[in-house]
Structure formats: structure tokens, C-alpha cells
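The lines below spell out each chain.
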Amino acid sequence: MTGGQIALIILAVAVLLLVLFIGLFLVKLTQTLGVVTKDVDIIAREANDILANVDVLLNDVNGKVATVDPAFQAIADLGTSVSELNDATHNLTDKVKSSSGSNKTKVASAVFAANAARKNRKSAKKAAAAEK
């Protein structure tokens with residue numbers, strides 16, 4: 001046997017070993033990809049279930065928010081009414097202070113303002129109780 005033939009045999013054995021290692025690598029890679037594919041399928045199914053539950057929950061929340069919106073609007077209207085009543089009371093108080101009327105007029109105006117404020121508080125309590 002000559003040196004060229006020995007080199008050729010060594011080269012052939014090296015190529016054979018390389019092909020065997022590449023084959024083993026490809027077999028293991030195929031197995032790993034199979035497991036990963038199954039896991040991804042399971043995760044995708046679970047994600048779909050979660051998204052369906054989130055959709056149901058979101059619809060429920062939207063319905064409840066739509067139910068509560070009128071209550072908030074009523075509270076806003078009540079706040080506006082209270083603010084207007086306060087302005088009217090301040091105007092009335094300023095008129096009473098500036099007028100040179102008797103003490104009876106001032107007392108009557110104060111009683112009127114107090115009664116109006118009391119009625120307003122009662123209506124605010126009723127509105128708050130109705131919202132609950």
C-alpha cells in the first residue's frame with residue numbers, strides 16, 4: 001500500500017464519521033422540532049381559550065360600564081344643580097346684605113336659603129341612595 005492509498009482510506013473514514021455525526025445531529029434535531037411543534041400547538045390552543053375568556057370578560061365589563069354611565073351623568077347633573085343653587089344663594093345673600101331692609105327681611109332670606117340648601121341635600125342623598 002502506498003502513502004496515497006492510506007491517505008485516501010483515512011479521508012474516507014473521516015468523511016464516514018462526519019456523515020454519521022451529521023446524521024445523528026439531524027435525528028436529534030428532528031426529535032426536538034417535533035416536541036417543540038407539539039408544545040407550540042398546545043400553547044396556541046390555550047391562548048385561544050384565554051382570548052375567548054378575555055372577550056367574554058370584556059363584553060361583561062362593557063355592559064356594566066354602560067349600566068353605570070347614567071348614574072355618573074346624574075351625579076354630574078346634581079353637581080351642576082348644587083353649584084347653581086350655591087350661586088343663587090350667594091346672590092341672594094349679597095342682595096340681602098346690600099339692601100337696607102329690616103332685620104326681618106334678612107332673617108327671612110336666611111331661612112329661605114337654609115331651607116333651599118336642606119332640600120338640596122335631601123335630594124342629593126336620595127340620588128346617591130338610588131345609585132346604590
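Predicted, not measured: the structure shown is a model, and the values here were computed from it. (Residues numbered from 1 in each chain as written. Predicted model: local features only at pLDDT ≥ 70, side-chain atom pairs only at ≥ 80, totals over all residues. Heavy atoms only, no water.)

## Looking at the overall build of the protein
Part 1: A tally of helices and strands in the protein yields 2 helices and 0 strands.
Part 2: Taken along its principal axes, the extent of the C-alpha atoms in the protein is 140 × 30 × 15 Å.
Part 3: Buried positions account for 3% of the 132 residues belonging to the protein.
Part 4: When the accessible area of the protein is evaluated, it comes to approximately 10900 Å², of which 68% is carbon and sulfur surface.
Part 5: The protein carries 15 positive and 12 negative side-chain charges, and their two centres are separated by 19 Å. (Helix = DSSP H or I, 4+ residues; strand = E, 2+ residues; numbered from the N terminus. Buried < 20%, exposed > 50% of the residue type's maximum accessible area, 1.4 Å probe, protein only. Areas by Shrake-Rupley, 256 points an atom, 1.4 Å probe, with all protein chains shown as cover. Lys, Arg positive; Asp, Glu negative; His and termini not counted. Charge placed at Lys NZ, Arg CZ, Asp CG, Glu CD.)

## A short note on a positive patch on the surface
Part 1: A cluster of basic side chains, namely R118, K119, R121, K122, K125 and K126, defines a positive patch on the protein surface.
Part 2: Inspection of the secondary structure assignment puts K125 in helix α2 (residues 103-131). (Patch = residues over 30% accessible without salt bridge, like charges linked within 9 Å, V, L, I, M, F, W, Y side chains within 5 Å. Salt bridge = Lys/Arg side-chain N within 4 Å of Asp/Glu carboxyl O.)

## Quick notes on the pattern of salt bridges
Part 1: Applying the stated rule across the entire model yields 1 salt bridge.
Part 2: As a salt-bridge pair, K64 and D60 come within 3.3 Å of each other at their nearest N and O atoms. With K64 and D60 both in helix α1 (residues 3-98) and 4 residues apart, the pair spans about one turn of that helix.

## Observations regarding the UniProt feature "transmembrane region" (unreviewed entry) in the protein
Part 1: Taking the UniProt record as the reference, the feature "transmembrane region" (unreviewed entry) is found at residues 6-27.
Part 2: Measuring from the first to the last C-alpha atom of residues 6-27 gives 32 Å, for a span that is 100% helix and 0% strand. (UniProt positions renumbered as here; feature names shortened; annotations may be inferred.)

## A look at the environment of T2
Part 1: Along the chain, T2 falls in the segment before α1.
Part 2: Spatially, the C-alpha atom of T2 lies 107 Å from that of A128, the residues being 126 residues apart in sequence.

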